Amino acid sequence: MAGTNATTTANKRPKPRRKMGCLLITSFVLMGVACIMSVTINVMHFYSLDPTHAGHDPHHAVRNRPEPQPQPQPPQNQPPKEKGHALGGLSCAAYGGPSDEIASEMVYWSDVESDSNFVSPFMTKHPDEPKYMTFEPDGGGWNNIRMAMETAVALSHAMGRILVMPPEQGMYLLGKNVNKQKNKFSFADFFHMDTLSKEHEGMDIISFEEFLKREAMTGHLVDINTGKVTFPPDNRTNWDGANDPTMRVLKGWIRNATHVPIWRPQHCIAAFPSSSKHSDLEALSSMKDELVEAGLRKNTELKKSNQVVPVDADPKTRMGDALNTRTELCLYDEKMQKAPVVHMMCYHKMKVRLLTHFYTFLYFEDWKQDLWTKRFVRDHLRYIDEIQCAAARVVHKIRERVRNNPNGEFDSLHIRRGDFQFKDTRVDADVLYENSKLELEEGATVYIATDERDKAFFEPFRKHYDILFLDDFKDEIKDINTNYYGMLDQLIASRGR
């Protein structure tokens, strides 16, 4: 594939790195920090993927790599995009502090300037024939919603399609209406979606309203059942703030007016060849067939031996690692490539939803595109500065409070209580303390991220630790929408040692 420029180091401003840690305890198992926030944890998972951090030799991570090929260029006749907000660092002056020095602790992202130029090999070179990808937010809790959104964004870029953001709507468990605060959301309320497309030549994002005006109201959408031109219900183009029953009407219509792939991440990987050539598609299919016929034995043996597949391994080895126990490819084939609009639906009855981590679902024949995609999500799909800065203020206060610790270190627990589907998994605090005491020092300061409202539940912990909750820092977050509290808990807990 034409090079994704995964190893370019020009014009990069190195950023210091800090390790993150957080002990995550659910009611039934002691877990690692990975469940806190996959976006944040990508900092550690993909640390070696950043080719430009301080002191990095561009040939250190991957030896004997093939020479990078010329990078794909943006479609012709389109002017260069203007950049959005500054990508590197974090400035909180507009959000009530803290200082840039204190806020820098929250920064896990990097500004790899050369990454902004990469364009998918599937991106159309004909602006008069635009192709789109629409998607439905996941119907689960916030982290399910976030994971599905990350996957949708990554898919749209991989397909070279214009990403259509869903209308502003209610999201599960984010409906608090304290003092008439906002409780219908778009993803731009949480992430820098407004500037994401400005930062990348290969990424275009529009609103659902703009999409309907461009394509639906001009007669470009056709009902897949009747073959006739179809218009949105009541010819409505602005669906922001619609209630759930109304949104279901819209979903039913868009599913019938677009190409809807039945992709189930638990059974397949979304596979992208290095070009749109038919021969490359056939090569991936043959590769998968060979792996399945061999029973994925090589991959299973590799995992049992705890060996890590190199990032630049041959495509077949990497595919075996990506498939794991799955036996199917969700291939971006020629039929999908020709579809004007691809719609990724969330339909629980059919078990069709993007409830997956993008880095376990998307497979690229070109390893450089794989690394680019992981950096892209890490560096750009991060919470907006308002949320980051509020978390930074709380972390700073915790460090000031820490007892008997000159380095200001604290521990973190995530104790999930209120939204488990299976009530028999809930465990008493005494059991949780016993499960975690070997990981914590007596008298340590412990920040507990939790949805448990009765703080008396945590008395067994209070006897041994200086425990803190988000509620203890109301002065630092007094102007924050309370629907952001879960995101704050994630960020604060991620700074535990």
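For the structure itself, consult the block above.
Described in the following lines is the structure provided in the data block. (Residues numbered from 1 in each chain as written. Predicted model: local features only at pLDDT ≥ 70, side-chain atom pairs only at ≥ 80, totals over all residues. Heavy atoms only, no water.)

1. Concerning a nonpolar patch on the surface
And then number 1: Among the surface-exposed residues, Met217, Val222, Val229 and Phe231 lie close enough to one another that they form a single nonpolar patch of about 300 Å² accessible area.
And then number 2: In this structure, valine 222 sits in the loop between helix 5 (208-216) and helix 6 (244-256).
And then number 3: Classification of valine 222 by relative accessible area gives partly exposed; the value is 36%. (Patch = residues over 30% accessible without salt bridge, like charges linked within 9 Å, V, L, I, M, F, W, Y side chains within 5 Å. Areas by Shrake-Rupley, 256 points an atom, 1.4 Å probe, with all protein chains shown as cover. Salt bridge = Lys/Arg side-chain N within 4 Å of Asp/Glu carboxyl O. Helix = DSSP H or I, 4+ residues; strand = E, 2+ residues; numbered from the N terminus. Buried < 20%, exposed > 50% of the residue type's maximum accessible area, 1.4 Å probe, protein only.)

2. Concerning the sheet that holds strand 7 (residues 328-331)
And then number 1: Here 3 strands make up an open sheet; going across it, the order is 7-6-9 and the pairing parallel. Edge strands, defined here as strands with exactly one partner in the open sheet, are strand 7 and strand 9 (362-364). Averaged over all pairs of adjacent strands, the angle between their axes in this sheet comes to 40°, without regard to strand direction.
And then number 2: Relative to strand 9, strand 6 (residues 268-272) runs parallel, the two sharing 3 bridges. Directly across from phenylalanine 272, in strand 9, lies its bridge partner phenylalanine 364.
And then number 3: Those strands touched by helix 3 (residues 142-159) are strand 6 and strand 9, and its axis lies near 30° from that of strand 9. (Pairing = 2+ DSSP bridges. Axes fitted to C-alpha atoms, helices over the stretch in contact; angles between N-to-C directions. Contact = heavy atoms within 4.5 Å.)

3. Considering the packing of helix 3 against helix 12 (residues 367-380)
And then number 1: Two numbers describe how helix 3 lies on helix 12: the axes approach to 11 Å, and their chain directions differ by 135°. Accordingly, the angle class assigned to the pair helix 3 and helix 12 is oblique. Handedness of the crossing formed by helix 3 with helix 12: right-handed. Taking contact as the criterion, the partners of Glu150, Val153, Ala154, His157 and Ala158 in helix 3 are, on helix 12, Gln369, Trp372, Thr373, Phe376 and Val377.
And then number 2: Looking at side-chain class alone, the contact of helix 3 with helix 12 contains 6 nonpolar, 3 polar and 1 charged residues. (Parallel < 35°, antiparallel > 145°, perpendicular 65-115°, else oblique. Left-handed = near helix turned anticlockwise from the far one by under 90°. Nonpolar A, V, L, I, M, F, W, Y, C, P; charged D, E, K, R; others polar.)

4. Section: the packing of aromatic side chains
And then number 1: Using the criterion set out here, one finds 22 aromatic pairs in the structure.
And then number 2: Taking 5.1 Å as the distance between ring centres and 90° as the angle between the ring planes, the aromatic pair formed by phenylalanine 457 and phenylalanine 458 counts as edge-to-face.
And then number 3: Exposure remark for phenylalanine 457: the relative accessible area of 15% places this residue in the buried category.
And then number 4: Residue phenylalanine 458 is classed as buried on the basis of its relative accessible area of 0%.
And then number 5: Each residue in the set Trp142, Phe185, Phe190, Phe191, Tyr383 and Tyr484 is aromatic and connected to the rest through ring pairs, giving one cluster.
And then number 6: Positioned above the aromatic ring of tryptophan 239, the side-chain terminus of arginine 236 is 4.6 Å from the ring centre.
And then number 7: Just above the ring of phenylalanine 469 sits the side chain of lysine 455; from NZ or CZ to the centre is 5.3 Å. (Phe/Tyr/Trp six-rings, centres within 6.5 Å; stacked < 30°, edge-to-face > 60°. Lys NZ or Arg CZ within 6 Å of the ring centre and 35° of its normal.)

5. Considerations on the sheet that holds strand 8 (residues 341-344)
And then number 1: One open sheet accounts for 4 strands, arranged 5-4-3-8; its pairing is parallel. Each edge of the sheet is formed by a strand with only one pairing partner; in this case those strands are strand 5 (205-207) and strand 8. The average angle at which neighbouring strand axes cross in this sheet is 25°, direction not considered.
And then number 2: Across 3 bridges, strand 4 (residues 162-165) lies against strand 5 in parallel orientation. Along strand 5, the bridge assignment pairs valine 164 with isoleucine 206.
And then number 3: Its contacts with the sheet place helix 3 against strand 3 (132-135), strand 4 and strand 8, and it is angled at close to 170° to strand 3.

6. A look at the state of the cysteines
And then number 1: Following the criterion strictly, the structure yields 2 disulfides and no others.
And then number 2: A disulfide bridge connects cysteine 92 with cysteine 389, and the sulfur atoms are separated by 2.0 Å. The sign of the -90° torsion about the S-S bond sets the cysteine 92-cysteine 389 disulfide as left-handed. In this pair, cysteine 92 sits in the loop between helix 1 (38-45) and helix 2 (100-103) while cysteine 389 sits in helix 13 (residues 385-401), placing the two residues 297 residues apart along the sequence.
And then number 3: A relative accessible area of 0% means that cysteine 389 is categorised as buried.
And then number 4: The residue that forms a disulfide with cysteine 268 is cysteine 330, at a sulfur-sulfur distance of 1.9 Å. Disulfide cysteine 268-cysteine 330: torsion about the S-S bond near -80°, hence left-handed. One end of the pair, cysteine 268, is in strand 6; the other, cysteine 330, is in strand 7, and 62 residues separate them in sequence. (Disulfide = S-S within 2.5 Å.)

7. Structural notes on unusual backbone geometry
A negative phi angle characterises most non-glycine residues, just as the trans form characterises most peptide bonds.
And then number 1: Omega for the peptide link from glycine 97 to proline 98 comes to 10°, which places this bond in the cis form.
And then number 2: For proline 98, the position within the fold is in the loop between helix 1 and helix 2.
And then number 3: Despite not being glycine, asparagine 179 shows a phi value in the positive range, around 50°.
And then number 4: Locating asparagine 179 in the fold gives a position in the loop between strand 4 and helix 4 (193-196).
And then number 5: With relative accessibility at 75%, the residue asparagine 179 sits in the exposed group.
And then number 6: Residues other than glycine seldom take positive phi values, yet asparagine 235 does so here, at roughly 55°.
And then number 7: Relative to the helices and strands, asparagine 235 resides in the loop between helix 5 and helix 6.
And then number 8: On the basis of relative accessibility, which here comes to 46%, the residue asparagine 235 falls in the partly exposed class.

8. Regarding the pairing of strand 8
Each regular strand displays side chains that alternate between the two surfaces of the sheet.
And then number 1: Burial along strand 8 is two-sided: Val341 and His343 and Val342 and Met344, pointing in opposite directions, are all buried.
And then number 2: In terms of strand pairing, strand 3 meets strand 8 through 4 bridges, oriented parallel. Opposite threonine 134, over in strand 8, you have histidine 343 as the bridge partner.

Interpretation note: all reported values are geometric properties and have no functional meaning in isolation.
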